[in-house]
Amino acid sequence: IPSLRLRGVERRYREGDHYLEVLRSANLAIQAGEVVALIAPSGAGKSTLLHVAGLLEKPDAGEVYIGGVAAGSLDDAGRTRMRRMQIGFVYQFHHLLPEFTAEENIMMPQMIRGLDRKIAAERSRELLAYMKLAERASHRPSELSGGEQQRVAIARAVANAPKLLLADEPTGNLDPKTAHYVFDALQALVRASGLAALIATHNLDIADRMDRRITLQDGKIEEI
Ligand code: ADP
Ligand code: ADP
């Protein structure tokens, strides 16, 4: 069973008196442990694809399956639960909470899910150690470098052990050397935890190191 599957997904936006067809019959399957690059020019629909795959937007037609379960078969509460439990998000800008330490930021999604504080703190420290940030656990985001902030954001995204990681330009705000270091940490974490990852990037060097590359062509997904 793929961790993420899109079948015949369509998404259109109303533009005055007509519709802009951003996704037209988009099909995709990503298996556990696979890291897939999404490369396409601005406006091609990358964010739309990530939002639909991440259950933040509903498709106008077609179906999104997470771990074989059709999101369309769930009510809104069920979809929200599925998003919180099964999907992690990383953005270009880290969106860490500035008042909280690195460890507390990683605890947050686990506490929202209802995990015991001690268990959440332990898992956070494990993830920080994995990201080679053990000594930064009690630092606030403003006290961390850009690369360190992104590594905390990645740890937070996987804190609830999701099936799928969706990332929109996760290294877009970093210098090339830091971008490589952060991507390597992300890829190692994805592989070690048997996650599937879909990563939109303009960095072709980094895309080359992923397992597969896809693009959006006239609203359809093509392997490149
Ligand atoms: P990308 O991430 O590849 O730059 P997007 O998915 O953001 O592309 O956008 C694809 C197209 O859909 C663009 O032309 C954009 O203007 C349009 N679009 C995106 N979101 C909306 C929206 N909520 N309402 C109307 N048009 C949108
Ligand atoms: P910055 O954003 O300031 O470049 P990073 O987040 O990339 O910092 O690095 C944080 C920690 O990771 C530092 O202790 C640094 O020594 C280490 N580090 C950074 N890049 C590499 C690398 N390419 N190989 C090994 N360690 C690295």
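None of these values were measured; they are calculated from a predicted model. (Residues numbered from 1 in each chain as written. Chains lettered and ligands numbered in written order. Predicted model: local features only at pLDDT ≥ 70, side-chain atom pairs only at ≥ 80, totals over all residues. Heavy atoms only, no water.)

Peer 1: Quick question: what am I supposed to make of the overall build of the protein chain here?
Peer 2: A tally of regular secondary structure across the protein chain gives seven helices and 10 strands. For 224 residues, the compact-globule estimate of 2.2 N^0.38 gives 17 Å, and the protein chain sits close to it at 17 Å. Out of the 224 residues belonging to the protein chain, those deemed buried represent 49%. Split by element, the accessible area of the protein chain, about 10,800 Å² in all, is 50% carbon and sulfur. (Helix = DSSP H or I, 4+ residues; strand = E, 2+ residues; numbered from the N terminus. Rg over C-alpha atoms; globule rule 2.2 N^0.38 Å. Buried < 20%, exposed > 50% of the residue type's maximum accessible area, 1.4 Å probe, protein only. Areas by Shrake-Rupley, 256 points an atom, 1.4 Å probe, with all protein chains shown as cover.)

Peer 1: Whenever I open this one, the nonpolar core confuses me. Can you help?
Peer 2: One broad trend across soluble globular proteins is that nonpolar side chains are buried collectively. Residues V152, L165 and I199 are the most contacted members of the largest nonpolar core, which totals 36 residues. Broken down by secondary-structure element, the contributors of at least two residues to this core are β3 (35-38), α3 (102-112), α4 (117-130), α5 (146-157), β7 (164-168), α6 (176-192), β8 (196-200) and α7 (204-208). If one sorts the elements of this core by residue count, α6 sits on top with seven residues. If sequence neighbours within four positions are ignored, V152 has contacts with L96, A102, I106, L128, L133 and L144. Of all hydrophobic cores here, the second largest spans 31 residues; its members include L23, L38, L50 and I87. (Core = buried A, V, L, I, M, F, W, Y, C linked by side-chain atoms within 4.5 Å. Contact = heavy atoms within 4.5 Å.)

Peer 1: Is there a simple way to think about the pattern of salt bridges in this case?
Peer 2: Opposite charge on two side chains permits pairing when their charged atoms draw close. Summed over the entire model, instances satisfying the criterion amount to 12 salt bridges. A salt bridge links R11 to D60, with the shortest nitrogen-to-oxygen separation between them at 3.2 Å. With a gap of 49 residues between them, R11 in strand β1 (residues 4-15) and D60 in the loop between α1 (46-53) and β4 (61-66) connect regions that are remote in the sequence. With relative accessibility at 38%, the residue D60 sits in the partly exposed group. R136 is the salt-bridge partner of E148, the closest N and O atoms lying 2.8 Å from each other. Here E148, found in helix α5, pairs with R136, found in the loop between α4 and α5; they are 12 residues apart in sequence, far enough to count as distant. (Salt bridge = Lys/Arg side-chain N within 4 Å of Asp/Glu carboxyl O.)

Peer 1: How do you make sense of the site of ligand 1 when you look at a structure like this?
Peer 2: Taken together, Y13, L20, V22, P41, S42, G43, A44, G45, K46, S47 and T48 make up the full set of residues adjacent to ligand 1. G43 has a polar backbone atom sitting 2.7 Å from an oxygen atom of ligand 1. The fraction of the free accessible surface of ligand 1 (560 Å²) that becomes covered by protein chains is 59%. Secondary structure elements with two or more residues in the shell around ligand 1: β2 (18-30) and α1. With three residues, the single largest contributor to the shell around ligand 1 is α1. Residues that form the shell around ligand 1 fall into these classes: five nonpolar, five polar and one charged. (Near = heavy atom within 4 Å. Polar contact = N/O pair within 3.5 Å; in protein donor to acceptor, adjacent residues only side chain to side chain. Nonpolar A, V, L, I, M, F, W, Y, C, P; charged D, E, K, R; others polar.)

Peer 1: Could you clarify how one ought to interpret the environment of L50 in this entry?
Peer 2: Within the secondary structure, L50 is located in helix α1. Judged by its relative accessible area of 5%, L50 is buried. Distance from L50 to D168, taken between C-alpha atoms, is 7.7 Å for residues 118 residues apart in sequence. Among residues more than four places away in sequence, those in contact with L50 are L38, L166, A167, D168, L198 and A200.

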